[in-house]
There are 2 protein chains.
Amino acid sequence: MSNLDQIAKLAGFSKATVSRVLNKSPHVSQETRSKILKIMQELDYVPNRNAISLSKGQTLQIGIITSTINEIVLAFLNSFVEVAGQYEFQTIIYTSGEDKKKELQAFEDLKRKRVDALVIISCVNDTDLLSTYCKYGPIVSWQRMDHTDIRSVAMDQYEGYMLALKHLIQKGYTRIANAFGRPSSINTHSRQRAYAYIMEQHNLPVLQHWNQSSIYNIRDGEQVVRDLLQYRDEFPQAILCSNDYVAVGILCEARRQLLSVPEDLAIVGFDNTELSHTMGITTVQNPIEAQAQNAFYMLSPQLVGRQMELQPLQYSLIERTTT
Amino acid sequence: MSNLDQIAKLAGFSKATVSRVLNKSPHVSQETRSKILKIMQELDYVPNRNAISLSKGQTLQIGIITSTINEIVLAFLNSFVEVAGQYEFQTIIYTSGEDKKKELQAFEDLKRKRVDALVIISCVNDTDLLSTYCKYGPIVSWQRMDHTDIRSVAMDQYEGYMLALKHLIQKGYTRIANAFGRPSSINTHSRQRAYAYIMEQHNLPVLQHWNQSSIYNIRDGEQVVRDLLQYRDEFPQAILCSNDYVAVGILCEARRQLLSVPEDLAIVGFDNTELSHTMGITTVQNPIEAQAQNAFYMLSPQLVGRQMELQPLQYSLIERTTT
DNA sequence: TTGAAAGCGGTACCAC
DNA sequence: GTGGTACCGCTTTCAA
């Protein structure tokens, strides 16, 4: 492998001049430039990115942290990789598997200058601890954070959940259950607030086993149906899900249990993923791609020195056949 | 940010000794070590990864190339990130969006020493061109390659497809259609060979419109059903799919069209993903996780200087309710 | 327009 | 066990 020095020697110029050519500096004469370019071509030269990173103190790499890559994360990840790539930034995946130590390595890598910035999709460490890393580079989060140092691109799911609740009530459903996600998450709290508010406002019943938590995926959704069926007399008319995959699980299991949807059980998903469309699940449209792009835009002032305008975000209800 | 030099000065030792402490060299006295470690702690010192990479000529980063991150890729990606992480390697995503230039950047990054190795999930460039990059580092592929320089971890889908075909025939289905993926791919060719062989052996009919290509995802699957319905009289009894997502699309659309499954149409997926389980789709179990792990193991001789034993791979048929 | 040289922050070989 | 020092390969300031 050839390096700058060799190119410089062969061309009869200094490293500085060769570097100028590489960086398209205007302060190089035309003939010098073409002579150097020719030699680079001949030697099949490409600059070493580690050397550049070390010298510039910038890697053009962004770390993205998630416990695991699942279907929900997919849309965000794709969209983020895409927009970051447009600005020459690469994306490194850090999967923690909910392990605090492993997750922390991503933050250490920010400190160690392996990445220029971090995006949190989900994290398990204490936010007070994580925010101490802000001094090493910009950090944004998709997951809502209870800490002011780390900004979040997510929307308040209170609004989205309200849409779903109002839709159900308007349709005449009164016995409404919830399949929440992480019990301690801000999203879950928002949803619980919306639920409590609406239920009280309409003077509707709230049973304890209608509030299930830690329901994340298809399998969990299937289990929810089986659990609810144990209380035959208190079976809900409708169920709101933490995401579309949970809704899919509930729908499939409901059918297996010979419940007809939406007559015996109405289902509302969340996110409006491809799958909810295919399976005809009523859901709340969540602009995930836009949030991923906003994540990059929020980093951009420190990354590319330019403030970028965030896209407006809005929920909407997509009515399909499960309500 | 502090660096080696500062630590050395403050501790009253040389950079070399500090470096030894960092790298856990045994040739440092206990008190020197603890003294240096104490100072590192006080200054909150961590070594700069770019400097290490430059000096060692190794980044501990592996690039993974795919046109887009979809559900099929998910299992592979998760598994690969996991196993690579166990050996301290990080994974960088390169999504090409089928753009040859963009895809080539990943290979240039191998040359430029941004990554130590590459894993191809899918690629669009000419394999002759890509194999010229082998001299810069190890490259393996999940997608089957027609080039000997780049080894593939994938299995020959001929075997898997045979399982599915034999299953259908044993069940008494004779009018069998195919939803193939990329027309030019080696996998598709393997499947076509298996199909042709079985059909001829059993003297079964083969209609041209029973062989659909470029069917990749749920939407494509839905479309397949609508297309096939145009030939009412020549509607197949069963259909084999390029993957489980196509099968899901076909299943959902078939139900919407009031076809009963498997009576009017039997469906066999491929891969045995979570979703096929949930929806009760008969499928071919494809050990994707093991292939991802093997991908790392195939890189390992050049990456960690150790030959690792590849896991044996085997297809099996998972019979569920769609056949 | 060009060059010399001092970084960037480590590693690793060779002395002692 | 420890230190001196030449790398690794590129950027950037200052002079000329």
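None of these values were measured; they are calculated from a predicted model.

Asker: Which residues make up the environment of M155(A), and what values do they have?
Answerer: Residues and elements named next belong to chain A. Within the secondary structure, M155 is located in the loop between β5 (151-152) and α8 (157-170). Using a relative accessible area of 11% as the deciding quantity, one classes M155 as buried. Residues M155 and A84, spaced 71 residues apart in sequence, show a C-alpha to C-alpha distance of 21 Å. Among all residues touching M155, those that are not within four sequence positions of it are R144, N187, N286, P287, Q291, L313, Q314 and Y315.

Asker: Describe in detail the sheet that holds strand β9 (residues 266-268) of chain B, supporting the description with residues and values.
Answerer: All names here are of chain B. What the 4 strands build is an open sheet, ordered β7-β6-β8-β9; its pairing is parallel. Sheet topology places β7 (211-212) and β9 at the edges, where each strand pairs with a single neighbour. By the bridge criterion, 3 bridges tie strand β8 (residues 238-241) to β9 in an arrangement that is parallel. Its bridge partner being in β9, L240 is matched across the sheet by V268.

Asker: Please give an account of helix α2 (residues 15-22) of chain A that cites residues and values.
Answerer: Along an α-helix, residues three or four apart share an orientation, since each turn contains 3.6 residues. Residue and element names in this part refer to chain A. Of the residues making up α2, those classed as buried are T17, V18 and V21. Relative to the axis of α2, the buried residues are bounded by an arc of 100° and lie together on one face. For α2, the elements touching its buried residues are α1 (4-11) and α3 (30-43). One or two positions beyond α2, positive phi appears at K24, with a value near 50°.

Asker: Account for the protein's contact with DNA strand C, with residues named and values stated.
Answerer: Taken together, 27 residues lie around DNA strand C, and R20(A), T32(A), L4(B), S19(B) and S55(B) are the ones closest in. When the atoms of DNA strand C within 4 Å of the protein are grouped by moiety, sugar and phosphate amount to 58% of the total. Here a base nitrogen of DNA strand C and a side-chain polar atom of S55(A) are 3.2 Å apart. Within the side chain of S19(B), an N or O atom sits 2.7 Å from a phosphate oxygen of DNA strand C. Ranked by residues supplied to the surface near DNA strand C, first place goes to helix α2 (residues 15-22) of chain B with 4 residues. Looking at side-chain class alone, the surface near DNA strand C contains 12 nonpolar, 12 polar and 3 charged residues.

Asker: Please give an account of the interface of chain A and chain B that cites residues and values.
Answerer: Counting from both sides, the interface comprises 50 residues of chain A and, opposite them, 50 residues of chain B. Taken together, the two surfaces of chain A and chain B that pack against each other cover about 4,700 Å², and 53% of this comes from carbon and sulfur. Of all residues in chain A, the largest losses of buried area upon contact with chain B belong to N50(A), R112(A) and R114(A), amounting jointly to 15% of the total for that side. There are 8 salt bridges connecting chain A and chain B. Note that R219(B) and E274(A) form a salt bridge whose closest N and O atoms lie 2.9 Å from each other. At the boundary of chain A with chain B, the tally comes to 33 residue pairs in polar contact (both at pLDDT 80 or more). Taken together, the elements giving at least two residues each to the side of chain A that touches chain B come down to α4 (49-56), α5 (71-86), β2 (90-95), α6 (100-111), α10 (218-229), α11 (244-256) and α12 (274-278) of chain A.

Asker: Pulling in residues and values, what's your account of the pattern of salt bridges?
Answerer: According to the stated counting rule, one finds 23 salt bridges over all chains in the structure shown. For the salt bridge of E42(B) with K38(B), the shortest nitrogen-to-oxygen distance reads 3.4 Å. Of the two residues, E42(B) and K38(B) both sit in helix α3 (residues 30-43), 4 residues apart, roughly one turn of that helix. Within the structure, one salt-bridge network assembled from shared partners comprises E222(A), R226(A), E253(A) and R256(A).

Asker: Tell me what's going on with the relation of the copies chain A and chain B, and back it up with residues and numbers.
Answerer: Aligned on chain B, chain A shows an RMSD of 0.2 Å; the corresponding rotation is 180° and the shift along the axis is 0.1 Å. Considering both components of the superposition, the chain copies are consistent with a two-fold axis. Looking at the rotation axis and the C-alpha trace of chain A, the residue lying nearest is I92(A), at 2.2 Å. By residue overlap, the copies meet face to face through one surface: 100% of the interface positions of chain A are interface positions in chain B.

Asker: An account of the environment of T95(B) is needed here, citing residue identities and associated values.
Answerer: Secondary-structure assignment places T95(B) in strand β2 (residues 90-95). For T95(B) and I69(B), which are 26 residues apart along the polypeptide, the C-alpha to C-alpha distance reads 7.4 Å. Among all residues touching T95(B), those that are not within four sequence positions of it are N78(A), V81(A), T66(B), S67(B), T68(B), I69(B) and K102(B).

Asker: Tell me about the UniProt feature "domain: HTH lacI-type" (unreviewed entry) in chain A, and name the residues and values.
Answerer: In the UniProt entry, the feature "domain: HTH lacI-type" (unreviewed entry) is given for residues 2-56 of chain A. Helix and strand shares over residues 2-56 of chain A are 69% and 0% respectively, and the end C-alpha atoms of the span are 21 Å apart.

Asker: So what's going on with the side chain of E103(B)? Residues and values would help.
Answerer: Residue and element names in this part refer to chain B. With respect to the helices and strands, the residue E103 is situated in helix α6 (residues 100-111). Of the buried charged residues, E103 lacks a salt bridge, with K100 as the closest side chain of opposite charge at 8.1 Å. A polar side-chain atom of E103 sits 2.7 Å from the main-chain amide nitrogen of V124. Once residues lying within four places of it in the same chain are set aside, the contact partners of E103 are I65, S96, S122, C123, V124, N125 and L130.

Asker: Break down the protein's contact with DNA strand D for me, citing the residues and quoting the values.
Answerer: What surrounds DNA strand D is a group of 26 residues, the closest being L4(A), Y45(A), S55(A), R20(B) and T32(B). In the model, a phosphate oxygen of DNA strand D is placed 2.5 Å from a nitrogen or oxygen of the L4(A) main chain. At 2.5 Å, a side-chain N or O of T32(B) approaches a phosphate oxygen of DNA strand D. Of all the secondary structure elements, the ones that give two or more residues to the surface near DNA strand D are α2 and α4 of chain A together with α2 and α4 (49-56) of chain B. Class assignment for the residues of the surface near DNA strand D results in 11 nonpolar, 12 polar and 3 charged.

Reading the values: the criteria
Residues numbered from 1 in each chain as written. Chains lettered and ligands numbered in written order. Predicted model: local features only at pLDDT ≥ 70, side-chain atom pairs only at ≥ 80, totals over all residues. Heavy atoms only, no water. Helix = DSSP H or I, 4+ residues; strand = E, 2+ residues; numbered from the N terminus. Buried < 20%, exposed > 50% of the residue type's maximum accessible area, 1.4 Å probe, protein only. Contact = heavy atoms within 4.5 Å. Pairing = 2+ DSSP bridges. Arc of directions from axis to C-beta. Near = heavy atom within 4 Å. Polar contact = N/O pair within 3.5 Å; in protein donor to acceptor, adjacent residues only side chain to side chain. Nonpolar A, V, L, I, M, F, W, Y, C, P; charged D, E, K, R; others polar. Buried area = accessible area lost by both parts, 1.4 Å probe. Salt bridge = Lys/Arg side-chain N within 4 Å of Asp/Glu carboxyl O. Least-squares fit on C-alpha atoms with pLDDT ≥ 70 in both. UniProt positions renumbered as here; feature names shortened; annotations may be inferred. Lys, Arg positive; Asp, Glu negative; His and termini not counted.

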